[in-house]
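A structural walkthrough
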Amino acid sequence: DVKVTQSSRYLVKRTGEKVFLECVQDMDHENMFWYRQDPGLGLRLIYFSYDVKMKEKGDIPEGYSVSREKKERFSLILESASTNQTSMYLCASSRQAFQETQYFGPGTRLLVL
Amino acid sequence: QQQVKQSPQSLIVQKGGISIINCAYENTAFDYFPWYQQFPGKGPALLIAIRPDVSEKKEGRFTISFNKSAKQFSLHIMDSQPGDSATYFCAASKGNTDKLIFGTGTRLQVFP
């Protein structure tokens, strides 16, 4: 079974802090994704990566950056956290073929005070 | 053109009833339509998917109906069970991308 793990289930940070969210997948998937999930807005794509050191902006990249130094690990970085980044963050991975199943981690609930 | 509109936002169904969730899209280039199911505290997981060359796909109690001319697709859950209580997301994508465009989600509650 594919397993996608996220480093924290819950995080509380202060406004202005730098925040790292880590995601690891164990199925040698080429594609990795970061989404945020907000009530009434569904899942919105922040960034995705289709290869090591490659990244593409999603629909809402502002205020975020990503890093993919190894195939299995994809990090989401909030350079200076703001209260409007309080959300559930979901990581996903998929094989390098169009329209493949995306496998999601359990999510990190981030609260920015 | 990139949106997928999903309704209703929430749905309450009695055990044994039929749950119906609807989605509509504008972009005629979309050619893959999956549904994801999310239980509380878990990430979404693929439930069932359809491509526009068929009008219906059934897997157990779950059926996707697809109407290409109306640009609509729907999820039907027959004989709904309390264990089906979850949030359901429709999604769509184009053939030349790995990006999924998700609907806003429907919270389904099935009462015994």
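Refer to the structure presented above.
Definitions and cut-offs
- Residues numbered from 1 in each chain as written.
- Chains lettered and ligands numbered in written order.
- Predicted model: local features only at pLDDT ≥ 70, side-chain atom pairs only at ≥ 80, totals over all residues.
- Heavy atoms only, no water.
- Disulfide = S-S within 2.5 Å.
- Helix = DSSP H or I, 4+ residues; strand = E, 2+ residues; numbered from the N terminus.
- Buried < 20%, exposed > 50% of the residue type's maximum accessible area, 1.4 Å probe, protein only.
- Core = buried A, V, L, I, M, F, W, Y, C linked by side-chain atoms within 4.5 Å.
- Contact = heavy atoms within 4.5 Å.

Considering the state of the cysteines
Counted according to the given criterion, the structure contains two disulfides over all chains. At a sulfur-sulfur separation of 1.9 Å, the disulfide partner of Cys23 of chain A is Cys91 of chain A. With the S-S dihedral at roughly -75°, the linkage between Cys23 of chain A and Cys91 of chain A falls on the left-handed side. Of this pair, Cys23 of chain A sits in strand 3 (residues 19-25) while Cys91 of chain A sits in strand 9 (residues 87-94), and the two are 68 residues apart along the sequence. By the burial criterion, Cys23 of chain A is buried, and Cys91 of chain A matches it. Across the disulfide, Cys23 of chain B is cross-linked to Cys90 of chain B (sulfur-sulfur distance 1.9 Å). Residues Cys23 of chain B and Cys90 of chain B are joined through a disulfide that is left-handed, its torsion about the S-S bond being -95°. Highlighted residues: Cys23 of chain B in strand 3 (residues 19-25) and Cys90 of chain B in strand 9 (residues 86-94), separated in sequence by 67 residues. A relative accessible area of 2% means that Cys23 of chain B is categorised as buried. Note on Cys90 of chain B: relative accessible area 0%, which makes it buried.

Digging into the nonpolar core
Counting 25 residues, the largest nonpolar core has Val4, Phe33, Trp35, Phe73, Leu75 and Tyr88 of chain B as its most contacted members. For this core, the secondary-structure elements that each account for two or more residues are strand 2 (10-14), strand 3, strand 4 (30-38), strand 5 (45-50), strand 7 (62-67), strand 8 (72-77), strand 9 and strand 11 (106-111) of chain B. No other element matches strand 9 of chain B, which puts four residues into this core. Those residues in contact with Phe33 of chain B, other than ones at most four positions away along the chain, are Tyr25, Ile48, Ala49, Ile50, Pro52, Ile64, Phe66, Phe73, Ala91 and Ala92 of chain B. Membership of the second largest hydrophobic core comes to 20 residues, among which are Val19, Ile46, Phe74 and Ala81 of chain A.

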